[in-house]
Amino acid sequence: MGYGTDVGSLAMCYRRDLLEAAGLPADRDEVGALWPTWDDYFAVGQRFLDSGADAAWFDGADTIYSSMLNQSEIGYFERDETFVGDTNPAIADAFLAVGQAVEDGMSAGLVGFSQEWNVGFKQSSFATAPCPSWALGLIEDAAGPEAEGLWDIASVPGGGGNWGGSFLTVPAQGKNVKAAAELAAWLTAPEQERRIFQDVGSLPSIPELYEDPAVTEFTNPYFNDAPVGEIFAASAAELRPNFRGVRDSDVRPVFGSALQRVEQGKASPEEALEQAVEEALSAVD
């Protein structure tokens, strides 16, 4: 398809101080061991809330739901492009689990990567947030220098995962196709991908680099010197392909909006899921 630039392998970013105040471990290995599954993650979230913590457990319903769904083999469409958003149990299971967590008070109700989400980091509004490798710079900018060392990174529940990643393409009808292809190849060569990872955290798309000491031994001082190369490379190695389909972008926002209605108290998780399925079926009809 093109020249791969980066892979958005998943981890879970968390606030060490907020977990400690709730009587939970703060060491990244111990934290990751708390939530091997998403059910465990929500159970720990309940413990966090029961401690009287003055923060939500996670940033927003859609970021958790997307992370869960991106770990499934298929999403809203089967490989033959048949819509299965109404029959795929992975969708209903993830949607209802997140919806229940919202009703239990775990969500800060923020839309991922919005201005409000940025403010949520600044105001310490939540204790955990799924973080693809490319989001580390965004989190650092949003939380500000005063939060350096307070954020850390642990493995994501469910084992591996991916959110995003990019590639470059060279249109055949361009005026300088040969030069453009040479530039794309240079931009995605190991030397550049290695440097970009160290500068902004975007995990290279070249698997061989996951064993390169420049990646595996790289740490991020803002995130309490977390071994980000090791963490995100391991997540990339464990991720399973997630089939999307050509109409995915037509229906995915429908389910995100439905979860927002749950967060706003306008619908129960079951009602919101039913409405989302109906809207999605209309969108692909």
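Up top is the structure.
These lines cover the structure that appears in this document, whether it is placed above or below.

Calculation notes
- Residues numbered from 1 in each chain as written.
- Predicted model: local features only at pLDDT ≥ 70, side-chain atom pairs only at ≥ 80, totals over all residues.
- Heavy atoms only, no water.
- Disulfide = S-S within 2.5 Å.
- Helix = DSSP H or I, 4+ residues; strand = E, 2+ residues; numbered from the N terminus.
- Buried < 20%, exposed > 50% of the residue type's maximum accessible area, 1.4 Å probe, protein only.
- 1 Å grid on protein atoms, 1.4 Å probe; cavity = no way out; pocket = protein on both sides within 12 Å on 5 of 7 lines; lining within 4 Å.
- Points joined across faces, edges and corners; volume = space filled by probe spheres on them.
- Nonpolar A, V, L, I, M, F, W, Y, C, P; charged D, E, K, R; others polar.
- Patch = residues over 30% accessible without salt bridge, like charges linked within 9 Å, V, L, I, M, F, W, Y side chains within 5 Å.
- Areas by Shrake-Rupley, 256 points an atom, 1.4 Å probe, with all protein chains shown as cover.
- Salt bridge = Lys/Arg side-chain N within 4 Å of Asp/Glu carboxyl O.
- Phe/Tyr/Trp six-rings, centres within 6.5 Å; stacked < 30°, edge-to-face > 60°.

**A closer look at the state of the cysteines**
A full pass over the atoms with the stated rule returns 1 disulfide. The disulfide that involves Cys13 links it to Cys131, with 2.3 Å between the sulfurs. Negative torsions about the S-S bond denote left-handed disulfides, and the value of about 100° found for Cys13 with Cys131 makes this one right-handed. Here Cys13 is found in strand β1 (residues 3-15), whereas its partner Cys131 is found in strand β3 (residues 126-132), with 118 residues between them in sequence. For the pair shown, Cys13 and Cys131 are each scored as buried.

**A look at the layout of surface pockets**
What the largest pocket holds in volume is close to 380 Å³. Surrounding the largest pocket, 16 residues form its lining, Asn162, Gly164, Gly165, Phe167 and Asn242 being those nearest its centre. Where the lining of the largest pocket is concerned, the elements lending two or more residues are β1 and β5 (162-168). Grouping the amino acids of the lining of the largest pocket by side-chain chemistry returns 5 nonpolar, 8 polar and 3 charged. Estimates place the volume of the second largest pocket at around 260 Å³. Around the second largest pocket, the lining is made up of 16 residues, and of these Ala154, Ser155, Glu230, Ile231 and Ala234 lie nearest the centre.

**Digging into a nonpolar patch on the surface**
On the surface, a cluster of nonpolar side chains totalling about 300 Å² of accessible area is made up of Leu183, Trp186 and Leu187. Residue placement: Leu187 occurs in helix α8 (residues 177-187). Residue class for Leu187 comes out partly exposed when judged on its relative accessible area of 34%.

**Overview of the packing of aromatic side chains**
Summed over all chains, the structure comprises 20 aromatic pairs. Taking the centre distance of 5.3 Å and the plane angle of 80° together, the rings of Trp38 and Tyr41 count as edge-to-face. Highlighted residues: Trp38 and Tyr41, both in helix α3 (residues 38-50), separated by 3 residues, approximately one helical turn. Judged by relative accessible area, which is 8%, Trp38 ranks as buried. Note on Tyr41 and Phe42: the rings are 5.5 Å apart at their centroids and 65° apart in plane angle, and the pair reads as edge-to-face. With respect to burial, Tyr41 and Phe42 carry one shared label: buried. Pairwise contacts between aromatic rings join Phe113, Trp117, Phe121, Phe126, Trp134, Trp151 and Trp163 into one cluster.

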